[in-house]
Structure formats: structure tokens, C-alpha cells
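# Examining the three-dimensional arrangement
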Number of protein chains: 2
Amino acid sequence: MYRPEIKVIDCTVRDGGLMNKWQFDEAFVGEVYEALTEAGVDYMEIGYISSEKCFSRQEVGPWKFCAENDIRRIIGEREKKIKLSAMADIGRIDYTDIPQKTDSSLDMIRVACYAHQADAAIDLAHHCLDKGYETTINLMAVSTIGFRELDEALNDLAKSSVPIIYLVDSFGAFYSEDIDLLAKKYMQSLPGKTIGIHTHNNQQLAFANTIAGIIAGINFLDATLYGIGRGAGNCPIELLISFLKNPKFKVRPLIKAIENQILPWQKKIDWGYYVPYMISGVMNQHPRTAMAHMESENKEKLLDYYDQITSALP
Amino acid sequence: MYRPEIKVIDCTVRDGGLMNKWQFDEAFVGEVYEALTEAGVDYMEIGYISSEKCFSRQEVGPWKFCAENDIRRIIGEREKKIKLSAMADIGRIDYTDIPQKTDSSLDMIRVACYAHQADAAIDLAHHCLDKGYETTINLMAVSTIGFRELDEALNDLAKSSVPIIYLVDSFGAFYSEDIDLLAKKYMQSLPGKTIGIHTHNNQQLAFANTIAGIIAGINFLDATLYGIGRGAGNCPIELLISFLKNPKFKVRPLIKAIENQILPWQKKIDWGYYVPYMISGVMNQHPRTAMAHMESENKEKLLDYYDQITSALP
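A few points on the structure. Not measured: the values here are computed from a predicted model.

## Considering the overall build of chain A
In terms of helices and strands, chain A carries twelve helices and eight strands. Scaling as 2.2 N^0.38, a compact globule of 314 residues should have a C-alpha radius of gyration of about 20 Å, and chain A matches this with 19 Å. For chain A, the residues scored as buried account for 62% of the 314 residues in total. Nonlocal contacts in chain A, meaning residues at least 24 apart in sequence, comprise 75% of its contacts between residues at least 6 apart. For chain A, the separation between the mean place of its 33 positive charges and that of its 42 negative charges on side chains is 3 Å.

Following this line, the structure appears as C-alpha cells:
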């Protein structure tokens, strides 16, 4: 698939950090930055932009905040050849915490929200636009809401100035047919806007659903090195880059970064295809109970988790 | 997807055995048999049917041969409620090694072949039909041949009496669009026959490609517990059963068998999504070099494998 409009956004540090409270050291973030640059990836989402009033630096690493001096340590003195992005969660950032674009190395701020927060997200995103950033709104967990609620959110987003809207499969619950249907719905409801996709791999469909999104016309594609990310993780960027035919993309630097930086983390944290994440995905549930199970001593007691989740059904 | 014609074939012992020379003990095969029966799975492929002249029992376990007395030990005295299948490789079995159906607990023999072996496969399959078995031909590695060669094989198969023909993605190289195209081609070229699909997970597309096959009209679906199988493994049966809406299928017994029998093997053998398998899949190559790399001390030297494979390109 060669379509020049396609942009790849790597979320290794941001989404992977949900598994280790952003405890990536500078060597990790630096090598990921170099590898993504060399691979021709369009954006690196280097973390969240959050208020230090909401989280403690004792508990979470620097990429929960994306302070300019931390970013500067990664970039160094070299010319920045990849765009940098940070994600903002509604309610976890004050507008005053966001610097003017001219004072920041960030190029893009992506606002994550649930459907009922669409108004607040639009307000924050407009604020980011006013400050000079590229901006997206990432509408999370749409697998859990009805079409009336989705329509209402999409109608609000259509009227906003936010140019890029994301279809997000937060729980890894969608099949390709769902993506196809929703991608068309987003494009019809949001004329003139670019659509993005962010998938989770609970049912081993993150890559397949990203391809389904591409075929349906989605142009902003999220992925991470070796799929690192919350729970079952994300679309593996090495698969996505191998699939895309734009000659600017190179996979070799990504393989190198996986070998040097991701494999060591795989021995410490359990993202990827595990049965508890598969069950939460099939059941269209937030992965938090599956993550708690995976972090417990009973992580191989698969049937206990299955019975716990299915017995909670109405 | 509820379509009563759909049949699910579990290949846990047969394809998983390619990773451990069929060294599954009786408790393993027995629990898998019970779990598949309870889950409503249609067929259990319990191994290969091969000549003892071609392989040594010292080296490979009993499920490389599927002798009747070994099968009997698994079934016990209870009524058999699941059909049993064995795979035959061209050139590794004498016709005289195949018992009459009336003397065997096997219900189906599946003949695996490459396109250039289609004539020999048809001959063997006709022999199995004559002896009273259900029979399929599984045309392997079709990602490596041109359409002329494929057409020739399909034309021969169309003229045969073999009722079920498989589309096999031996190298895990296909995208869903390939499956869609090929499934339609098989159905047009093989009027009146049932089409099956067997996928590999090198690009995390085994399940997605199986769904693509279902949508295109394929009705015989191969899968294994937790995806266990050669290299990157197969379509995970727990995902497939959760996707299919036929109420006869139950996922809980499969989760239990994974917990009890598959997780312990995961600590001993490396099937699943690993970068070397991903590279061989993207490069449309036999997984043998990736498997050799994964079995070496250098299995985490991903870049060495990448450079080895890509430097061998013409």
C-alpha cells in the first residue's frame, strides 16, 4: 500500500509506558528516537503531557510530563527530523501547563477522551491549536457506546477546527468488519478531516485492523515497536512498516531497536497476546482486570480469570 | 458468524508436534482430546500417518505415526464424539501402511502436497477415499508459485474425487487481500468442492486471514490451542471459537486445556510471534532458517538474522 498521505505515529514510549509507569531510561528513549528517525517514521509520541499537580515524579517517569528540558536531553544538538507528539488526557492537565509551540520541541498534541467528554476535548484541542500545535482528538472506547452517542460526538467533532480524529479500539474488541463500518462512518460524519486509527492486540487483530483501516481510507496509523503497549499491546510497527510500500520507510533500524531496547523489557513486563487479555477483548471490557490478573501470582490461572469475568455478566 | 457448514479442525498435536517431534505425553493428548470434544470442535488432527520405515520411534513420538493402538489409548472405552484426522505427507507413507477405515479410529486423512505433487496427492487421496476415509488435499506454500502453476494444480484437483481442498499459507506471507483473492479463485476453479484454510501467524494475521477466508466462503477452518504450531504457529482456536457464533462451540474447555497443557510447553519451545518468524513471513520464505535461528544461542540477535536473510536476496 503506497499512499503518500499515510503517516505513521509511533507510540512506544507513551503507550508502552502504561505498562511500566514510564520508567524508560534515557538510553531507551534516545535509541527509539534515533531508530524511528532513521526508519522514516513520521511522528514519535514521546509521552503524555500532564500536570505535575496530578502525578508525582517519584511514581511516574519523566515521559508522563514531557517537560521541554527532558525532551531536549533526547534530541541533543542535532537537527530534529521526526515530529514529536504528546498525548493529553482530559482533566489531567491545566491549560497553563502547555507551553507555546515556539517554546516547545513538541509538534503535535493529541487529546484523548471518551465520547461524553467530546466538548471538553474540543475546547482543549482548540487551545492547543491556538498555541500553534498540530492537534488530534482520539475518541476512546467507542466499542462500548451506541450509535446515537457516537453520532452526537462525531457531530460535535465535525463542527470543531480539529483536523484529525482517531478511531480507537481501546479494548481490542473490534473485528475488521467493525473497523470497516466505523471508518466509513467517521469519514462520512467528518467531511474534510483526516481519520486516524489506534488498535489493541487482544485478539491478535491490531495489525489486521490497521490494514482494514488503511483500505477504508484511514491515513494516520498508530503503532509501537514489537507491539509494546497496555495489556495486549498495539499494532507492531515492524509489521506495519513492512506492509507499507512507501520507499521512505525502512524496517532495519526498527529491528535493531527491538533487539537492543525492547527485548530486555519483555523479560520484565507482560504485554502481548495472553489469554486474560484475549478474554477481556472478546468480552469488550477495559483491560484493567486482566492486567491485575497478569500482575498477580495467579497469572497462569486462566480459568479463574475466565470464570471471574463471565460470572460478572448480567 | 453462524454458518452451520463451518467445521473447525484442531491441529494442536499434529502442527504443534513439528516443534517438539511429537513428544507430547498421553496426559497431554488425552486432555486435548477431552477439551476439544467438550468444546464442540468438529475434528482433532491427532498427528501424521507415516511409514515406520521413514522415521524412527526413537526420534519422533507416536503421533508421527498414529498407530491404532496409540489412538485407542487416548479414546479409551468411551464413545468417540469428535472426528479424528491424520495428515499424510507425499513420499513418507506406503499405501499398505493405511488401514481400512473399518479397522481404524481415524475418520479423515488429509494429504499435504506442493503444487508439483498434485497428481501424486490425488492418487494417495483417492486411495484413502477407497479405503473409506473422508479426505482432503492441502496444497502447501501457494504463496511461492505463479498463477499458471496454481491453475494447473487446481484444474487437476477439480477433476479429482477429493471433496475438500485447502488453501494453505505455509510461510505466513499472505495479507487478507491475498486470502480474499485466492479463496475466490479456489471456489471458481473447484466447483462443488468445499474449501479449507490453514494459516500461519508470522505476521500476526493467522486469525484475521481465517476470518477473511470465512467471509469469502471457506468452511473448513484449521486452528490450534493458543496457536501452537511450527514457527510462528497457527490461528489460535480460542479466538476462532469466540468469533464463531454457532452455539455448539464452547470456549471454556479450551481455556482449561491451555492452562493445564499448553502453558507448560510454552516454557520449553518458542512458537508464536517472534521477529525472526516475522522476517521469514514478510520475505515469503520457509521458516526453517528462522527456526534454526530461534534454536541457536543467538536467538535474540535479531539484526544478524535480518541481515542474513536480506543479504541472500538476488
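## A short note on the packing of aromatic side chains
Per the counting criterion, the structure on display carries 18 aromatic pairs over all chains. Between A:Y226 and B:Y273, the ring centres sit 5.7 Å apart and the planes meet at 35°, which makes this aromatic pair tilted. On the criterion of chain membership, the pair formed by A:Y226 in the loop between strand 8 (220-223) and helix 8 (237-243) and B:Y273 in the loop between helix 9 (252-266) and helix 10 (275-282) is interchain, its members lying in two chains. On the basis of relative accessibility, which here comes to 6%, the residue A:Y226 falls in the buried class. On the numbers, 4.1 Å between centres and 15° between planes, the contact of B:F24 with B:F28 is stacked. Of the two residues, B:F24 and B:F28, both sit in the buried class. Feature note: the residues A:F24, A:F28 and A:W265 constitute an aromatic cluster, connected by ring pairs. For the cation-ring pair, A:K268 lies above A:W265, with the distance from its terminal atom to the ring centre recorded as 4.1 Å. Sitting above the plane of the B:Y48 ring, B:K64 keeps its charged end 4.4 Å from the centroid.

## Thoughts on the interface of chain B and chain A
Facing the 37 residues of chain B at the interface are 37 residues of chain A. Taking both sides of the interface into account, the surface hidden between chain B and chain A amounts to around 3,500 Å²; carbon and sulfur atoms contribute 66%. If you look at where chain B meets chain A, you find four salt bridges. Of the charged contacts in the structure, one is a salt bridge between B:D307 and A:R252, with a shortest N-O distance of 2.7 Å. Connecting chain B to chain A are 14 residue pairs in polar contact (both at pLDDT 80 or more). Contributions of two or more residues to the side of chain B that touches chain A are made by helix 7 (206-216), helix 8 (237-243), helix 9, helix 10 and helix 12 (302-311) of chain B. The element contributing the most residues to the side of chain B that touches chain A is helix 9 of chain B, with six residues. Among the residues making up the side of chain B that touches chain A, the classes are represented as 23 nonpolar, five polar and nine charged.

## Focus: the relation of the copies chain B and chain A
At an RMSD of 0.0 Å, chain B and chain A line up after a rotation of 180° and a shift of 0.0 Å along the axis. Here the two chains are linked by the operation of a two-fold rotation axis. Interface overlap between copies: 100% of the residues of chain B at the interface are likewise at the interface in chain A, consistent with a symmetric, same-surface contact.

## Considering the sheet that holds strand 6 (residues 164-168) of chain A
All names here are of chain A. The sheet built from eight strands closes into a barrel, its strands ordered 1-2-3-4-5-6-7-8 with parallel pairing. Within this sheet the neighbouring strands show an average axis-to-axis angle of 25°, counted without direction. Pairing of strand 2 (residues 43-48) with strand 3 (residues 83-89), which is carried by five bridges, proceeds in the parallel orientation. Bridge pairing in strand 3 places Y48 opposite M87. The strands touched by helix 6 (residues 176-189) within the sheet are strand 5 (134-139), strand 6 and strand 7 (194-198), with strand 6 carrying the most contacts at an inclination of about 160°.

## Remarks on the pairing of strand 5 of chain A
On a regular strand, one side chain projects to one face of the sheet and the next to the other, so that they alternate. All names here are of chain A. Within strand 5, five of the six residues are buried, leaving the element largely enclosed by the surrounding structure. Sheet topology note: the strand 4 (residues 108-113)/strand 5 ladder contains six bridges and is parallel. The residue bridging V111 from the neighbouring strand is I137, located in strand 5. Viewed along the sheet, the connection from strand 4 through helix 4 (residues 118-130) into strand 5 turns out right-handed. With four bridges connecting them, strand 5 and strand 6 associate as parallel partners. In the sheet register, I137 faces strand 6, and the bridge partner there is I165. One crossover worth recording links strand 5 to the parallel strand 6 by way of helix 5 (residues 147-159), and it is right-handed.

## A few points about the pattern of salt bridges
Residues and elements named next belong to chain A. Summed over the entire model, instances satisfying the criterion amount to 46 salt bridges over all chains. A salt bridge links D156 to K159, with the nearest nitrogen and oxygen atoms 3.9 Å apart. Within this pair, D156 and its partner K159 are both found in helix 5, separated by three residues, close to a single helical turn. D156 gets classed as partly exposed once you look at its relative accessible area, which sits at 23%. Among the charged side chains, a salt-bridge network with shared partners connects R14, D15, E45, R110 and D222.

## Re the packing of helix 2 (residues 26-39) of chain A against helix 9 (residues 252-266) of chain A
All names here are of chain A. Taken N-terminus to C-terminus, the directions of helix 2 and helix 9 make an angle of 160°; their axes are 8 Å apart at the nearest point. Put simply, helix 2 runs roughly antiparallel to helix 9. In terms of crossing hand, the pair formed by helix 2 and helix 9 is left-handed. Seen from helix 2, the contacting residues are A27, F28, E31, A35, L36, E38 and A39; seen from helix 9, they are P253, L254, K256, A257, N260, Q261, I262 and W265. Across the contact of helix 2 with helix 9, the residue classes break down as ten nonpolar, two polar and three charged.

Here is what the cut-offs are and how they apply
Residues numbered from 1 in each chain as written. Chains lettered and ligands numbered in written order. Predicted model: local features only at pLDDT ≥ 70, side-chain atom pairs only at ≥ 80, totals over all residues. Heavy atoms only, no water. Helix = DSSP H or I, 4+ residues; strand = E, 2+ residues; numbered from the N terminus. Rg over C-alpha atoms; globule rule 2.2 N^0.38 Å. Buried < 20%, exposed > 50% of the residue type's maximum accessible area, 1.4 Å probe, protein only. Contact = heavy atoms within 4.5 Å. Lys, Arg positive; Asp, Glu negative; His and termini not counted. Charge placed at Lys NZ, Arg CZ, Asp CG, Glu CD. Phe/Tyr/Trp six-rings, centres within 6.5 Å; stacked < 30°, edge-to-face > 60°. Lys NZ or Arg CZ within 6 Å of the ring centre and 35° of its normal. Buried area = accessible area lost by both parts, 1.4 Å probe. Salt bridge = Lys/Arg side-chain N within 4 Å of Asp/Glu carboxyl O. Polar contact = N/O pair within 3.5 Å; in protein donor to acceptor, adjacent residues only side chain to side chain. Nonpolar A, V, L, I, M, F, W, Y, C, P; charged D, E, K, R; others polar. Least-squares fit on C-alpha atoms with pLDDT ≥ 70 in both. Pairing = 2+ DSSP bridges. Axes fitted to C-alpha atoms, helices over the stretch in contact; angles between N-to-C directions. Right-handed = clockwise from strand over helix to strand, strands pointing away. Parallel < 35°, antiparallel > 145°, perpendicular 65-115°, else oblique. Left-handed = near helix turned anticlockwise from the far one by under 90°.

This is a description of form; function is not addressed.
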